[in-house]
Amino acid sequence: MFNIILFGPPGSGKGTQSDKIVDKYGLVHLATGNLLRQEIADKTPLGLEAKRFMDKGQLVPDEVVIGMIDSCLEKHAYAKGFLFDGFPRTAAQAEALDKLLSLKKTSICKVLALEVSEDELIKRLLKRGETSGRSDDTNEAIIRNRYSVYKKDTEPVANHYKAEDKLVIVKGEGSVDEIFNALSNCIEAEMDAQQVFSAE
Ligand code: ADP
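Residues numbered from 1 in each chain as written. Predicted model: local features only at pLDDT ≥ 70, side-chain atom pairs only at ≥ 80, totals over all residues. Heavy atoms only, no water.

Chemist: Report on the overall build of the protein, specifying residues and quantitative values.
Modeler: Counting secondary structure elements, the protein contains nine helices and five strands. The C-alpha radius of gyration of the protein comes to 16 Å, within 12% of the 16 Å expected for a compact globule of 200 residues. Seen through its C-alpha atoms, the protein measures out along the principal axes to roughly 45 × 40 × 30 Å. When each of the 200 residues of the protein is scored for burial, the buried share is 44%. Partitioning the contacts of the protein with sequence separation of at least 6, the portion at a separation of at least 24 is 74%. Of the accessible surface of the protein, which amounts to about 10300 Å², a share of 51% is contributed by carbon and sulfur atoms. Of the charged side chains in the protein, 27 are positive and 32 negative; the average position of the first set lies 2 Å away from that of the second. (Helix = DSSP H or I, 4+ residues; strand = E, 2+ residues; numbered from the N terminus. Rg over C-alpha atoms; globule rule 2.2 N^0.38 Å. Buried < 20%, exposed > 50% of the residue type's maximum accessible area, 1.4 Å probe, protein only. Contact = heavy atoms within 4.5 Å. Areas by Shrake-Rupley, 256 points an atom, 1.4 Å probe, with all protein chains shown as cover. Lys, Arg positive; Asp, Glu negative; His and termini not counted. Charge placed at Lys NZ, Arg CZ, Asp CG, Glu CD.)

Here it is as structure tokens:
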């Protein structure tokens, strides 16, 4: 299996780039934010619980998101690989992911981290809030809280992968296509190294 993580702060473009990556390379997209928003739309107990955290710009408890990822991995047992987007966001989630993947005799190949300045992120999220209908994108105080949670709990997760020599930093400012080209180059270099045949 070929598994990658698209890493980066809220608003760094993970969603936009993930759609293009899964399309090009035939990976299964696992985005915890999207899965949680679907639970909210379906008014499930998990969704109602998660909404309380998301509306404040806080993280949903680890056991909730880890359980969701576990059942998605089961559901796609024969996938050629996964693209994780918005997960792992804490050290505990990273450890749980390692365990779940090792049970499947696989692991993370690369972590592609999008780097974008704080000012640019806030600008992008407020702009997205004008049209996305996402309640966590409309209020600047909540956006700033999400950024500070990212700095405190999520950014250190990169070290977990850096220590394994799996972290690649990619500039997340520029055109969507420029960033996609940079990400594609990293993915193809890794596929070559692992002798995986790309979907094209
Ligand atoms: P963004 O990265 O732009 O903030 P996401 O759609 O990835 O958007 O996440 C939206 C919200 O969903 C987060 O602020 C958080 O409350 C919750 N969430 C998503 N993924 C996770 C996760 N892995 N762990 C905890 N909470 C999560």
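Next comes the rest of the description.
Chemist: Tell me about the nonpolar core, and please be specific about residues and values.
Modeler: Counting residues in hydrophobic clusters, the biggest one holds 31 residues, and the most contacted among them are Phe84 and Leu97. Only β1 (4-7), α3 (45-54), α4 (62-75), β3 (82-85), α5 (91-103), β4 (110-115) and α8 (157-162) provide two or more residues apiece to this core. Looking at this core element by element, the count peaks at seven residues for α4. When residues no more than four places from it in sequence are discounted, the contact partners of Phe84 are Asn3, Ile4, Ile5, Leu6, Leu30, Ile69, Leu73, Leu97, Leu101 and Ile108. Residues Val22, Leu83, Leu112 and Cys186 belong to the second largest nonpolar core, which totals 18 residues. (Core = buried A, V, L, I, M, F, W, Y, C linked by side-chain atoms within 4.5 Å.)

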